[in-house]
Amino acid sequence: MPRILLIEDNEMNRDMLSRRLQRKGFEVDMAVDGRIGVEMGRAGKYDLILMDMGLPGVDGWEATRQLRAAPETATVPIIALTAHAMAGDRDKALEAGCNDYDTKPIELDRLLGKMAALLPAAPQ
Amino acid sequence: MKRAKPKRRARARKPRRPAVAPRQDALLRLSTGIAEAEGETDVCRAVVGGLYGEALGYDFVAVLLVDQASGDRVLVASEGWKQAPSGLRIRPGQGLSERPLLDGRIHYTPRVTEETRYLPTRNEGSEVDVPILANRELVGVLVVESNRPDAFDDGDLKILAAAANQAGIAIGRARLLRAERARADEQEALRATMADLAGRLDLSTVLTAVLERAVRLLGVSHGELAIYDAAAEELEIVASYNIGRKATTGTRMKLGEGAMGHVARTHEPLLIPDYHEWSGRSAQYAAVDFHAVMVAPLLIGGHLVGAIAFMDRDPARQFGAEDLRLLNLFAPQAAIAIENARLFTAAQHQRQYFQELVENNPVAIVTLDERHNVVSCNPAFERLYGYTQAEVVGRNLDDLITTEETRREAVGYTQQALARQAVKGISQRRHKSGAMVDVEVLGVPVIVGGKRVGLMALYHDITELLKARREAEEASRAKSQFLASVSHELRTPLNAIIGYSELLEEEALELGVPQIGGDLGRIKASGRLLLALINDILDLSKIEAGKMEIYAETFPLAPLVDEVTATVGPLVERRGNRLVVEGTAQTGSIHADRTKLMQMLLNLLSNASKFTESGTITLSVRRDGGDRVVFVVRDTGIGMTPQQMGRLFQAFTQADASTASRYGGTGLGLAITKRFSALMGGGVTVESVPGAGSTFTLTLPARGS
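Residues numbered from 1 in each chain as written. Chains lettered and ligands numbered in written order. Predicted model: local features only at pLDDT ≥ 70, side-chain atom pairs only at ≥ 80, totals over all residues. Heavy atoms only, no water.

Novice: It is not clear to me how the sheet that holds strand β9 (residues 252-254) of chain B should be interpreted in this structure. Could you clarify?
Specialist: Strands pair in a sheet through their backbones, by hydrogen bonds, and they do so in one of two ways: parallel or antiparallel. Residues and elements named next belong to chain B. The strand order β9-β8-β7-β12-β11-β10 describes an open sheet built from 6 strands, whose pairing is antiparallel. In this open sheet, the two strands that pair with only one neighbour each are β9 and β10 (270-272). On average, each strand axis in the sheet is inclined to that of its neighbour by 25°, with strand direction left out of account. Packing against the sheet, helix α7 (residues 321-359) makes contact with β7 (222-229), β10, β11 (292-300) and β12 (303-312), and its axis sits at approximately 40° to β11. (Pairing = 2+ DSSP bridges. Helix = DSSP H or I, 4+ residues; strand = E, 2+ residues; numbered from the N terminus. Axes fitted to C-alpha atoms, helices over the stretch in contact; angles between N-to-C directions. Contact = heavy atoms within 4.5 Å.)

Novice: Can you walk me through the packing of helix α5 (residues 203-218) of chain B against α7(B) in this structure?
Specialist: A packed helix pair is summarised by two numbers, namely the angle formed by the two axes and the spacing between the axes. Residue and element names in this part refer to chain B. With their axes 10 Å apart at the nearest point, α5 and α7 run at an angle of 180° to one another. Overall, the two elements α5 and α7 adopt an arrangement that is roughly antiparallel. Facing L203, V206, L207, V210, R213, A214, L217 and L218 of α5, the residues of α7 in contact are D323, L326, F330, A334, A337, I338 and A341. The class makeup of the residues in the contact of α5 with α7 is 13 nonpolar, no polar and 2 charged. (Parallel < 35°, antiparallel > 145°, perpendicular 65-115°, else oblique. Nonpolar A, V, L, I, M, F, W, Y, C, P; charged D, E, K, R; others polar.)

Novice: Can you walk me through the sheet that holds strand β19 (residues 578-582) of chain B in this structure?
Specialist: All names here are of chain B. Spatially, the 5 strands line up as an open sheet ordered β19-β21-β22-β24-β23, and their pairing is mixed. With one partner strand each, in any of the chains shown, β19 and β23 (683-689) form the two edges of the open sheet. Across this sheet, the average inter-strand angle for adjacent strands is 15°, counted without regard to direction. Taken together, the 7 bridges between β23 and strand β24 (residues 693-701) define a ladder with antiparallel strand orientation. In the strand pairing of β24, V684 is matched with L698. Against the sheet, helix α15 (residues 594-610) makes contact with β19, β21 (616-624), β22 (628-635) and β24, and its axis sits at roughly 175° relative to β24, the strand it touches most.

Novice: Just checking my understanding: could you explain the interface of chain B and chain A for this structure?
Specialist: Contact with chain B, which involves 24 residues of that partner, is made by 20 residues of chain A. Summing both partners gives a buried area of about 1900 Å² for chain B against chain A, and 53% of it is carried by carbon and sulfur. Of all residues in chain B, B:N495, B:Y500 and B:L503 bury the most surface against chain A, accounting for 26% of the area lost on that side. Here chain B and chain A share 7 salt bridges between them. Its salt-bridge partner being B:R528, residue A:E107 comes within 3.9 Å of it at the nearest N-O pair. There are 9 residue pairs in polar contact (both at pLDDT 80 or more) connecting chain B and chain A. Counting residues per element, the ones that place at least two in the side of chain B that touches chain A are α12 (463-511), α13 (517-544) and α15 of chain B. The dominant element in the side of chain B that touches chain A, judged by the number of residues it contributes, is α12(B), at 12 residues. Residue classes in the side of chain B that touches chain A are distributed as 7 nonpolar, 5 polar and 12 charged. (Buried area = accessible area lost by both parts, 1.4 Å probe. Salt bridge = Lys/Arg side-chain N within 4 Å of Asp/Glu carboxyl O. Polar contact = N/O pair within 3.5 Å; in protein donor to acceptor, adjacent residues only side chain to side chain.)

Novice: Looking at this structure, I do not really get empty space enclosed by the protein. What am I missing?
Specialist: Where empty space is left can be seen by rolling a probe of water-molecule size over the atoms. A full pass over the atoms with the stated rule returns 5 cavities of 30 Å³ or more. Roughly 140 Å³ of internal volume is contained in the largest cavity. Every residue lining the largest cavity is counted, 14 residues in all, and those nearest its centre are A:N13, A:M16, A:L17, A:K104 and A:I106. Elements supplying a minimum of two residues to the lining of the largest cavity: α1 (11-23) of chain A together with α12 of chain B. Of the residues forming the lining of the largest cavity, the biggest block, 5 residues, is contributed by α1(A). In the lining of the largest cavity, the residues fall into 7 nonpolar, 3 polar and 4 charged. (1 Å grid on protein atoms, 1.4 Å probe; cavity = no way out; pocket = protein on both sides within 12 Å on 5 of 7 lines; lining within 4 Å. Points joined across faces, edges and corners; volume = space filled by probe spheres on them.)

Novice: When you look at the packing of aromatic side chains in this model, what are you seeing that I'm missing?
Specialist: Aromatic ring pairs are defined here through the distance separating the ring centres and the angle between the ring planes. This model, assessed by the stated rule, comprises 8 aromatic pairs over all chains. On the basis of an interplanar angle of 75° and a centroid distance of 5.4 Å, the ring pair of B:Y353 and B:F354 is categorised as edge-to-face. Taking relative accessible area as the criterion, B:F354 reaches 43% and is therefore assigned partly exposed. An aromatic cluster is built from B:Y58, B:Y108 and B:F152, whose rings are joined through pairwise contacts. We note A:K92 situated over the ring of A:W61; from NZ or CZ to the ring centre the distance is 4.4 Å. (Phe/Tyr/Trp six-rings, centres within 6.5 Å; stacked < 30°, edge-to-face > 60°. Buried < 20%, exposed > 50% of the residue type's maximum accessible area, 1.4 Å probe, protein only. Lys NZ or Arg CZ within 6 Å of the ring centre and 35° of its normal.)

Novice: Quick question: what am I supposed to make of the environment of A:M53 here?
Specialist: Residue and element names in this part refer to chain A. Secondary-structure assignment places M53 in the loop between β3 (48-52) and α3 (60-69). Along the sequence, M53 and A93 sit 40 residues apart, while their C-alpha atoms lie 8.2 Å from each other. When neighbours within four sequence positions are excluded, M53 is seen to be in contact with D59, G60, W61, T64, A80, L81, T82, A93 and C98.

Below, the structure is given as structure tokens:
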């Protein structure tokens, strides 16, 4: 069962996405800001990290850079989640070290497709 | 001569033949008299005085001179008949005395009674008529009569010929002298007129002087000078000499009225023998006492500036070639005086006009010499910088109103303007108080007669303008910021609404209660529409604030088109439409903002599917000449009228107010598409026929803008 870390400061988004992913068979841990997210990511051996970019304090780009810099998480797939499809956000996210990028509101099927492409083997 | 015998003085009988001595005495007396004479009248009197008297026994002696203008013989001097007045005229064709003028010879008539064609009132007597030649020209006749027939012998004829000869020589001399004097007078009058023109006398003084001189030279009794008022097409008398009791100055005459009005029209001089009999006379001159009139137009380079007229109250005075010659000497002088005055006035008015323009100009204007020193400034300059003109004249402008920071730039402006280029810029300058003033600066070289003499700087106070602009920019920034944050704040709860409705839909399916799925789907769809609207508004506000950035990248078109068609597919199918894609295989790559291009194509396709039912929507892509990519979205839907097309690309307008409710959509998609395409160096156009569908054409540069 793939272990996912969802780093998201908004409680409802966090609750919603985690429940939908759990129903699809993922094990989902949650972090509420960038600092905690980086700590949890390095400690938890996750298969994939979903990173909200607009986090308070250490933002998603910075957290991504820190995760990439740490040996434990240097190769863990990271998908950036941004609020509005801002041209350039994708480049910015990829530049920071993200593997892919998706926009909110989350369309679950689209996100699942992107996740599947990055995970070693499909769940279920 | 005509005369009545009873009026003749009775004379005593004298010896038939006078001695030689009295004849020599007479000639001597005559010569002495002539030598002392001044002018031709005196000469004539001396001749008459020398011949008349007891000694020679002549009863009547007269000298008649020919008036060149009329050909009349005019009695100048006579003795022996008191009733023969000076000035008496004998017309050509009359009198015995005409004969010497016709053949140049002496005519002796022993018995005048036999000459019946003449003087039928005369009873008896004899007469000698001797021609007078002056400067080889027949100028008059010496007439000598006796009351007796056969009274003259050869001796008489000889002495009379000698007398006439002396008279001719003296008259010739007198005339030469008179001509000489007249020329000297003319020269003097012209010199005086030139001096007047050169002097700074006012026009009326100059014209009055010109007129008086001309009147004196012509020897006439009246003169008038008028200026032509081109605007009113009237002549106004500005100088008059000796006309009636009332001065005619101020009289106005229409073109064509009277003698002056006549020449004003013809531009040719006019001679009128008798004004009272002239058909063109003006009612304004009905009561005048003159007869002959000479008028000339005053012309400068062929255009009329006035008219000059001379008249004489002597009915015998007629104007001739000599008068015209004199007139031609003075008319140009008067014309020049009038034209000079007119040019001077016009120049003065122009100068005043420009001075007013500068003085009352709200723009600060300062003129500088070639060394940047102030020559003059206007009141607006004084107000803008707090200096009076007296404080700045002669001082270096840059020293006065620039600071260390702006000096280099100001000197640059000055140099550029001195190099004959107008220069314009926005900057700050220093008020006398030290405060800074925002100004728009315009520097222009001042070139007079092709030579640069300095420069002019204009300062427009834009402090208020800049303040207003800063405020407007601030307001615009605040608005964009507000919209961005409001959009963000709106999006977060919307994401929750959409997300939870999807979650509930999934759970409803799992729990086996699909009947609530429909309602949840409506909540979700409404949420998505609201989100799209917010995103569009945010896009538009970014475009309008100039904050929309373009992230161009190079990518193949075919996958993009696939992605677009996959996304829009469900929407197209919803109304039973078919989507046809043409030409993507050969289109290659484009360098553009991928996200925005996709958004534009989605907008055009969703727009097409909204207004088409059970039809075909075609997306075709082609390269236009290699450097442009053309996307065409064609539908078979309801189409639009030209009026609807006019509003099509404006924000918040669907073609019909009711369409929004019927067809849905934010109404912003096409407005955004148009602005995006412009930002990317392309454009979007539409063609449509109501009822037959619409075709939108989006063109973008293949290699980016």
